Amino acid sequence: MAVHLPLVTTDFHVKLVEEFKNNRELQTAKFFDRIKIDGYEGFFQRLPNDYNMDEETGLEDSHIFFYCGNEMNDEYFEIHLDFYLKINQVYLVM
């Protein structure tokens with residue numbers, strides 16, 4: 001099982017969330033399908049609710065996605081959003 005380190009939200013994380021909000025393909029993709037988006041080095045994956053962290057944060061996760069950037073730089077982020085697509089928490093996945 002992967003370790004999740006909570007991170008402070010950065011401008012880059014906000015940019016990833018904006019892409020998710022504005023990209024219907026990402027919002028409706030099958031779980032675990034790797035979606036490549038122009039302008040991003042890595043890929044996005046939509047994750048099922050089995051990955052929610054409601055108990056840890058006290059916030060209800062409605063949307064969860066994973067971003068794998070440059071594998072050489074360990075850019076693995078899991079981003080948890082609420083029903084209104086606002087960030088609940090960003091995690092570094094190790």
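Located above this text is the structure these notes cover.
Residues numbered from 1 in each chain as written. Predicted model: local features only at pLDDT ≥ 70, side-chain atom pairs only at ≥ 80, totals over all residues. Heavy atoms only, no water.

**Considering the packing of aromatic side chains**
Here's step 1: Taken as a whole and judged by the stated rule, the model has 10 aromatic pairs.
Here's step 2: Summarising the aromatic geometry, the rings of tyrosine 40 and phenylalanine 44 are spaced 5.4 Å apart at their centres and angled 80 degrees between planes, so their arrangement reads as edge-to-face. The burial state of tyrosine 40 is the same as that of phenylalanine 44; both residues are buried. (Phe/Tyr/Trp six-rings, centres within 6.5 Å; stacked < 30°, edge-to-face > 60°. Buried < 20%, exposed > 50% of the residue type's maximum accessible area, 1.4 Å probe, protein only.)

**Re unusual backbone geometry**
Here's step 1: With phi around 75 degrees, phenylalanine 32 is a residue other than glycine that occupies positive phi space.
Here's step 2: The residue phenylalanine 32 is located in the loop between α2 (24–28) and β2 (35–36) in this model.
Here's step 3: With a phi angle near 65 degrees, leucine 85 is a residue other than glycine that sits in the positive phi range.
Here's step 4: Its location among the elements puts leucine 85 in the loop between β5 (76–81) and β6 (87–93).
Here's step 5: Given the relative accessible area of 16%, leucine 85 is considered buried. (Helix = DSSP H or I, 4+ residues; strand = E, 2+ residues; numbered from the N terminus.)

**Some points on the side chain of histidine 80**
Here's step 1: You can see histidine 80 is positioned in strand β5.
Here's step 2: A residue is classified by how much of its surface remains accessible, and histidine 80, at 0% relative accessible area, is buried.
Here's step 3: Among the polar contacts listed, one links the side chain of histidine 80 to the side chain of aspartate 61, at a separation of 2.8 Å.
Here's step 4: The contacts of histidine 80, once residues within four sequence positions are left out, are Tyr51, Asn52, Met53, Asp61, His63, Ile64, Lys86, Ile87, Asn88, Gln89 and Tyr91. (Polar contact = N/O pair within 3.5 Å; in protein donor to acceptor, adjacent residues only side chain to side chain. Contact = heavy atoms within 4.5 Å.)

**Looking at the pairing of strand β4 (residues 63–68)**
The two faces of the sheet receive side chains in turn, since in a regular strand these alternate between them.
Here's step 1: Burial of β4 is extensive: 5 of the 6 residues sit out of reach of the surface.
Here's step 2: Of the strand pairs in this sheet, strand β3 (residues 43–47) and β4 are connected by 5 bridges, and their pairing is antiparallel. Along β4, the bridge assignment pairs leucine 47 with isoleucine 64.
Here's step 3: Across 6 bridges, β4 lies against β5 in antiparallel orientation. Bridge pairing links histidine 63 to leucine 81 in β5. (Pairing = 2+ DSSP bridges.)

**Structural notes on the sheet that holds β3**
Here's step 1: Spatial ordering of the open sheet is given by β1-β6-β5-β4-β3-β2, a layout of 6 strands whose pairing is antiparallel. With partners counted over all chains shown, the strands left at the sheet margins are β1 (4–7) and β2, one partner each.
Here's step 2: Relative to β3, β2 runs antiparallel, the two being bridged by 2 bridges. By the bridge assignment, isoleucine 35 is partnered in β3 with phenylalanine 44.
Here's step 3: Running over the sheet, helix α1 (residues 11–22) touches β1, β3, β4, β5 and β6 and is turned about 60 degrees from β5. (Axes fitted to C-alpha atoms, helices over the stretch in contact; angles between N-to-C directions.)

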